[in-house]
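Observations on chain architecture
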Amino acid sequence: MPVPQGKAGAVFPGYTVKRWACSPAREGCLMDMPLVTKGDPEQPAILFLHGSGVSGWMWEAQLEPLSSRYHCLAVDLPGFGKNTAAPWESLAHTAEQLARLVATRTRTGSAHVVGLSLGGHLALRLLADHPRVCGDVIVSGVTTRPFSSPRAMRLMYAAVMRLSTAKVVLQMSARAMKIPAAYMERFLEDMRTSSPVVMKAVFEEVLGSRLPEALGAASGFDGAAHRVLAVAGSREHPKIRAELPDFTRLVSGAWAARVPDAGHTWNVEHPELFTRMIDDWFSGHQLTPGLARVE
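Position labels on residues start from 1 in each chain and follow its written sequence. It should be noted that, the model being predicted, local features are given only for residues of pLDDT at least 70 and side-chain atom pairs only at 80 or more, the latter also being counted only at that level, while totals for whole chains, interfaces and linings use all residues. Computation of side-chain values: all heavy atoms of the structure, hydrogens and water removed.

A few points about the overall build of the protein
Per the secondary structure count, the protein includes 11 helices and nine strands. Per-residue burial for the protein yields a buried fraction of 53% across its 295 residues. Here the analysis covers contacts within the protein between residues at least 6 apart in sequence; of these, 74% occur between residues at least 24 apart. Helix numbering and strand numbering both begin at the N terminus, where a helix is a DSSP run of H or I of at least 4 residues and a strand a DSSP run of E of at least 2. Exposure classes here rest on a 1.4 Å probe applied to the protein chains alone. A residue is buried below 20% of its type maximum, exposed above 50%, and partly exposed in between. Throughout, a residue-residue contact means that at least one pair of heavy atoms, one from each residue, lies within 4.5 Å.

As structure tokens, then:
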């Protein structure tokens, strides 16, 4: 049901917030998926997919300016934000639910997709498994190969999670990621309430994730019909930066680019540049000035 705009509990004040539901009789169906929409449904649609530990609010700075030209949809993924009660099954399972959402909640049954971090992995899985609901795709901050030292990463993850309940640690993390003060309370709330079971499951899956083979030319993927742009900030984890060229090598028709002076959550760090990048790519497959193409 729609949530009255401006009331306490709305994810984005002044936006339309709905619960997207599907029949429980449909196998593997999520019970609900909170969905924020903005813009004219007659315009081309964009689906925004957030990263782990946060929720759909992270796209607020993009939804507002883009809503004049696009129908913007931002979900809270299973285990996060207003969707903390939902279980996490897998990237493939969640992509299936997102495909149903796009098919039923957009005018054409398809949408461009923007995903950051976990959302980027999901965007690629959605494109690989359900290309009919996808237009063009932008992913940011995504690895392309399994981590070579999973044991060390698990130990590091466990240490971080033990400290993550302390507000001062979360505030330090937010400052390191350059989360603006306007978003600080929502960031802290999401980090406090995100399902630890889901966080661990997501971490384990991403730890061993690689680019879907279905996106390669050898698999018949139509890179001209689904133009993929992969980007990474200059201050991202070294693994993300090092693997960025994999997109142009392994994904048919893909482009890749580095973003100067940008960290992992650069959509809130440099919102205007991120927004221009989306519009430039989806409106004409142009790389925004200031981004450095990676061959």
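Right, picking up where we left off after that structure.
As for the packing of aromatic side chains
Pairing of aromatic rings covers Phe, Tyr and Trp, the last counted by its six-membered ring, and requires centre-to-centre distances within 6.5 Å; plane angles under 30 degrees mean stacked, over 60 mean edge-to-face, and any other angle means tilted. Under the definition given, this model contains five aromatic pairs. The interplanar angle of 55° and the centroid separation of 5.6 Å between the aromatic rings of W255 and W281 together place this pair among those described as tilted. Note that W255 is positioned in strand β8 (residues 255-259) and W281 in helix α11 (residues 271-284), a separation of 26 residues in sequence. Take W255: its relative accessible area is 22%, and that puts it in the partly exposed class. We call a charge positioned over a ring when the NZ of a Lys or the CZ of an Arg lies within 6 Å of the ring centre and within 35 degrees of the ring normal. Seen from the ring of F147, K239 lies directly overhead, with NZ or CZ sitting 4.5 Å from the centre. Note that R293 overlies the ring of W255, its terminal NZ or CZ placed 3.5 Å from the centroid.

Regarding the pairing of strand β6 (residues 134-140)
Burial runs high along β6: seven of the seven residues are buried. Pairing geometry for strand β5 (residues 111-116) and β6, over five bridges, is parallel. Bridge pairing links A111 to C134 in β6. For the crossover from β5 across helix α3 (residues 118-129) to β6, the handedness is right-handed. Here, any two strands with at least 2 DSSP bridges between them count as paired. By convention a crossover is right-handed if, when the strands point away from the viewer, the path from the first strand over the helix to the second runs clockwise.

Digging into the pairing of β5
Along a regular strand, successive side chains alternate from one face of the sheet to the other. The buried fraction of β5 is high, at six of six residues. Note that strand β3 (residues 45-49) and β5 share four bridges and pair parallel. Bridged to I46 within β5 is H112.

Re α3
One less than the residue count of a helix, multiplied by 1.5 Å, gives the span that helix is expected to have. Over its 12 residues, α3 extends 16 Å from the first C-alpha to the last, a length consistent with the 16 Å expected when each residue adds 1.5 Å. Counted residue by residue, α3 has 10 buried out of 12 residues, so it is predominantly covered. Buried within α3 we find L118, G119, G120, H121, L122, A123, L124, L126, L127 and A128.

Here we look at the nonpolar core
We define the nonpolar core as a collection of buried residues of types Ala, Val, Leu, Ile, Met, Phe, Trp, Tyr and Cys that are connected through side-chain atoms lying within 4.5 Å of one another. Ranked by size, the top nonpolar core spans 52 residues in total, and within it L47, L49, V75, L98, L126 and F247 carry the most contacts. Per-element accounting of this core gives the leading share, seven residues, to α3. Excluding anything up to four places from it in sequence, V75 contacts M33, P34, L35, L47, F48, L49, H50, G56, L98 and L101. One finds L66, C72, A74 and M184 within the second-largest nonpolar core, a separate group that totals 37 residues.

Digging into the side chain of T144
With respect to the helices and strands, T144 occurs in the loop between β6 and α4 (150-163). Of the residues examined, T144 reaches a relative accessible area of 3% and is grouped as buried. If near-sequence neighbours (up to four positions away) are discounted, T144 is found in contact with S209, R210, L211, E243, D246 and F247.

So, the environment of S110
Along the chain, S110 falls in the loop between α2 (91-105) and β5. Relative accessible area serves as the criterion here: at 22%, S110 is assigned to the partly exposed category. As for S110 and L47, which are separated by 63 residues in sequence, their C-alpha atoms are 9.3 Å apart. Within 3.5 Å is the distance limit for a polar contact, defined as a pair of N or O atoms, with the added protein rule that one can donate a hydrogen and the other accept it, and that residues adjacent in sequence qualify only through two side-chain atoms. Within polar-contact distance, the side chain of S110 engages the side chain of T108 at 3.1 Å.

What to know about the pattern of salt bridges
Take a side-chain nitrogen of Lys or Arg and a carboxyl oxygen of Asp or Glu: if they are within 4 Å of each other, that pair is a salt bridge. Counted by the stated rule, this structure contains 15 salt bridges. Salt-bridge contacts for D246 lead to R145; the nearest nitrogen and oxygen are separated by 2.7 Å. Of this pair, D246 sits in helix α9 (residues 245-250) while R145 sits in the loop between β6 and α4, and the two are 101 residues apart along the sequence. Judged by relative accessible area, which is 4%, D246 ranks as buried. Using a relative accessible area of 37% as the deciding quantity, one classes R145 as partly exposed. For E204, the salt bridge goes to R154, with nearest N and O atoms at 2.9 Å.

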